[in-house]
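Inside the fold
Next come the chains, spelled out residue by residue.
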Amino acid sequence: QVQLVESGGGLVQAGDSLILSCAASGRTFGTYFIHWFRQAPGKEREFVAAIDSRGLSTAYVDSVKGRFTISRDIAKNTVYLQMNSLKPEDTAVYYCAFDRSAMATKAAQTMDYWGQGTLVTVSS
């Protein structure tokens, strides 16, 4: 009973920046984490970043540390993924997901709800 809608994807060149948004609605109360995952063609879905319900605890996959920043606007019930210094290997469909957990599990199989995805393409 949680709905998630991603937006902000597009086609950019290597070195450019994008900001993705994940707007949540429904039963978004209590303890939970919002995760970002990504999936490139022919590859498994991988964890990218996560943030808790208060916006105080964050986690990142090593390949994006120092380049990506996850944050949230509690009043707007929206989570953001700021992506800087984009590389061709960042090309993927990016999904946000909701997990009723007290920790960032970083595991797709534990997510309770998923957004529809937004495509990010980085050209060299």
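Here goes a summary of the coordinates provided. From a predicted model like this one, the values you see are computed outputs, not experimental measurements.

**Focus: the nonpolar core**
W36, L81, M83 and Y94 are the most contacted members of the largest nonpolar core, which has 28 residues in total. Put simply, the parts of the chain that give this core at least two residues each are β1 (2–7), β3 (18–26), β4 (33–39), β5 (46–52), β7 (68–73), β8 (78–83), β9 (92–99) and β11 (118–123). Grouped together as the second largest cluster of nonpolar side chains are 7 residues, F37, F47, A50 and M111 included.

**Let's talk about the pairing of β7**
Where burial is concerned, the two faces of β7 differ: the one with F68, I70 and R72 is buried and the one with T69, S71 and D73 is not. Pairing of β7 with β8 involves 6 bridges; the strand directions are antiparallel. Directly across from R72, in β8, lies its bridge partner V79. Linking β7 to β8, which pair antiparallel, is a turn of 4 residues; within it N77 sits at a positive phi near 55 degrees.

**A word on the environment of T91**
If you trace the backbone, T91 turns up in the loop between β8 and β9. On the basis of relative accessibility, which here comes to 21%, the residue T91 falls in the partly exposed class. With 53 residues separating them along the chain, T91 and R38 place their C-alpha atoms 8.6 Å apart. In contact with T91, other than residues within four places in its own chain, are A40, V120, T121 and V122. A distance of 2.9 Å separates a polar side-chain atom of T91 from the backbone oxygen of P88. Here the side chain of T91 touches V122 through a polar contact of 2.9 Å, landing on its backbone nitrogen.

**A word on the packing of aromatic side chains**
According to the stated counting rule, one finds 5 aromatic pairs in the structure shown. Where Y95 meets W114, the ring centres are 6.2 Å apart and the plane angle is 85 degrees; that geometry is what we call edge-to-face. Of this pair, Y95 sits in strand β9 while W114 sits in strand β10 (residues 113–114), placing them 19 residues apart in sequence. Residue Y95 is classed as buried on the basis of its relative accessible area, which comes to 15%. When its relative accessible area of 31% is taken as the criterion, W114 is described as partly exposed. One cation-aromatic arrangement involves R100 over F29; the distance from NZ or CZ to the ring centre is 5.3 Å.

What counts, and where the lines are drawn
- Residues numbered from 1 in each chain as written.
- Predicted model: local features only at pLDDT ≥ 70, side-chain atom pairs only at ≥ 80, totals over all residues.
- Heavy atoms only, no water.
- Core = buried A, V, L, I, M, F, W, Y, C linked by side-chain atoms within 4.5 Å.
- Buried < 20%, exposed > 50% of the residue type's maximum accessible area, 1.4 Å probe, protein only.
- Helix = DSSP H or I, 4+ residues; strand = E, 2+ residues; numbered from the N terminus.
- Pairing = 2+ DSSP bridges.
- Contact = heavy atoms within 4.5 Å.
- Polar contact = N/O pair within 3.5 Å; in protein donor to acceptor, adjacent residues only side chain to side chain.
- Phe/Tyr/Trp six-rings, centres within 6.5 Å; stacked < 30°, edge-to-face > 60°.
- Lys NZ or Arg CZ within 6 Å of the ring centre and 35° of its normal.

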